Amino acid sequence: MAKPIPLIERYREFLPITDATPIISLGEGGTPLVKASNLPRVLGVPELQIHFKLEGLNPTGSFKDRGMTLAMSKALEAKASAVICASTGNTSASAAAFATKAGLPCYVLLPAGHVALGKLAQAILYGAKVVPIDGNFDQALDLVRELAEHCQITIVNSINPFRLEGQKTAALEVIEQLEKAPDFLFIPVGNAGNISAYWRGFKLGKSSGRSDSLPRMCGFEASGSAAIVRGKVIEKPETIATAIRIGNPASWQEAERAASESNGLIDEVTDEEILAAYQLIARTEGIFCEPSSAAGVAGLIKHLKKGTVSSDATVVCVLTGNGLKDPDTPLKVSKPDLTPVAANLKSLREAIGL
Ligand SMILES: *Cc1c(COP(=O)(O)O)cnc(C)c1O
């Protein structure tokens, strides 16, 4: 087996790395691009080429690791003494893991009661100092910014410029895996950093001769947190998709530019649409992503109906995080009957009807 190459090494020519940068890697990047087998037929568009970028297979289970490897490496290079972030969960898990690898203390602020259990578990076990805030993500991020003005501490949220630089590598991987750029990219939008990073990556892919075309960038906010769609800050963002429960996206303008420059769009999907897509991906393709990740697929379904997407297009849906992070939602949406069956063949056959 070939030795895994740190993402920073693989895309070194595109990243702000010097010989003095220590590389903090946990085996991030290089995630599979898996082609859908059943979903196009189920959606009534058998010629549609749907590919899933499985970002939940990164070391801490989300795409945040792509940005964190670079942010943490640069923090160490700059002799940072500690790192801090506000997080809806995945940034905290990633920051905590990479900070530990770098030997740096890590502080994470989380909106109390609105973080999926697996993400909280990760941050705790990786050894971060976890501070639940009696407020939402946007308030937690404001606090982090305020604290950083008073203390020597490096912010590793996506306002850290190295985060998006690392995240753009995902688009370069997609181009390698498809051997071209897709026609459309469908992606959830929370703080709007990832859609911005992908757009940087696709533009770089084209300017470096790795692809001939650019995709139309299609980003989706949850209806209860759709600040960009509404054109105003949402003071009390709500959605079951906690990773995109953000009312004042940090990369708002860059995301809007990505959508307009690419002839794409930023639209919203409801919690019902998100949960329907979440179940459909699992049941048609055997892929377990977290609810927020399904927002892009919900958007694809919405825009197939609207006719935005032609029925033979090549589409990539970014599945941003691993479903195992959020073990509560499957039981809520499926309400399975888990009453035990007597341990004998007759009862078993009755129970399964065989
Ligand atoms: C962070 C995150 C998002 C949102 O990405 P942004 O860059 O904030 O738009 C979506 N899905 C998951 C699973 C995430 O962790």
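The rules we used
Residues numbered from 1 in each chain as written. Predicted model: local features only at pLDDT ≥ 70, side-chain atom pairs only at ≥ 80, totals over all residues. Heavy atoms only, no water. Helix = DSSP H or I, 4+ residues; strand = E, 2+ residues; numbered from the N terminus. Rg over C-alpha atoms; globule rule 2.2 N^0.38 Å. Buried < 20%, exposed > 50% of the residue type's maximum accessible area, 1.4 Å probe, protein only. Contact = heavy atoms within 4.5 Å. Areas by Shrake-Rupley, 256 points an atom, 1.4 Å probe, with all protein chains shown as cover. Lys, Arg positive; Asp, Glu negative; His and termini not counted. Charge placed at Lys NZ, Arg CZ, Asp CG, Glu CD. Core = buried A, V, L, I, M, F, W, Y, C linked by side-chain atoms within 4.5 Å. Domains from an automatic or database assignment. Buried area = accessible area lost by both parts, 1.4 Å probe. Salt bridge = Lys/Arg side-chain N within 4 Å of Asp/Glu carboxyl O. Nonpolar A, V, L, I, M, F, W, Y, C, P; charged D, E, K, R; others polar. Pairing = 2+ DSSP bridges. Axes fitted to C-alpha atoms, helices over the stretch in contact; angles between N-to-C directions.

## Some thoughts on the overall build of the protein chain
Within the protein chain, the regular secondary structure consists of 15 helices and 10 strands. Taking 2.2 N^0.38 as the reference for a compact globule, 354 residues should give roughly 20 Å; the C-alpha atoms of the protein chain span a radius of gyration of 20 Å, in line with that estimate. Expressed along its principal axes, the backbone C-alpha trace of the protein chain runs to roughly 65 × 50 × 50 Å. When each of the 354 residues of the protein chain is scored for burial, the buried share is 56%. Counting contacts in the protein chain only where the partners sit at least 6 residues apart, residues at least 24 apart contribute 72% of the total. Just so you have it, the protein chain exposes about 15,400 Å², and 54% of that area is on carbon and sulfur atoms. Averaged over its 36 positive side-chain charges, the protein chain has a centre that lies 2 Å from the centre of its 37 negative ones.

## Regarding the nonpolar core
Grouped together as the largest cluster of nonpolar side chains are 35 residues, with contacts concentrated most on L48, F52, F186, V297, L300, V309 and V315. Contributing elements (two or more residues each) for this core: strand 2 (49–54), strand 7 (184–188), strand 8 (216–222), strand 9 (265–269), helix 12 (271–285), helix 13 (295–306) and strand 10 (314–319). Ranked by residues supplied to this core, first place goes to helix 13 with six residues.

## A few points about the environment of L319
If you trace the backbone, L319 turns up in strand 10. Take L319: its relative accessible area is 2%, and that puts it in the buried class. Apart from residues no more than four positions distant in its own chain, L319 is found in contact with F52, K53, L54, E55, G56, I281, I287, C289, S293 and V297.

## A word on the domain arrangement of the protein chain
Domain parsing of the protein chain yields domain 1 (7–58 + 163–332) and domain 2 (64–161). Computed over C-alpha atoms, the centres of domain 1 and domain 2 are 22 Å apart. Together domain 1 and domain 2 conceal approximately 3,200 Å² of surface at their shared face, both sides included; 56% is due to carbon and sulfur atoms. Put simply, domain 1 and domain 2 have three salt bridges between them. For the salt bridge of E55 with R66, the shortest nitrogen-to-oxygen distance reads 2.6 Å. Listed by contribution, the elements that provide at least two residues to the side of domain 1 that touches domain 2 are helix 1 (7–10), helix 7 (161–167) and helix 8 (169–178). Among the elements that make up the side of domain 1 that touches domain 2, the one with the highest residue count is helix 7 (five residues). Among the residues forming the side of domain 1 that touches domain 2, the class breakdown is 17 nonpolar, 14 polar and 12 charged.

## Notes on the sheet that holds strand 6 (residues 154–155)
Within a sheet, neighbouring strands are paired by backbone hydrogen bonds and run either parallel or antiparallel to one another. Overall, parallel pairing links the four strands, which are arranged 5-4-3-6 in an open sheet. Sheet topology places strand 5 (129–133) and strand 6 at the edges, where each strand pairs with a single neighbour. Sheet topology note: the strand 3 (residues 83–86)/strand 6 ladder contains two bridges and is parallel. Each bridged residue has a counterpart across the sheet, and for V83 the counterpart in strand 6 is T154. Across the sheet, helix 6 (residues 137–150) is in contact with strand 3, strand 4 (106–111), strand 5 and strand 6; its angle to strand 3 comes to roughly 155°.

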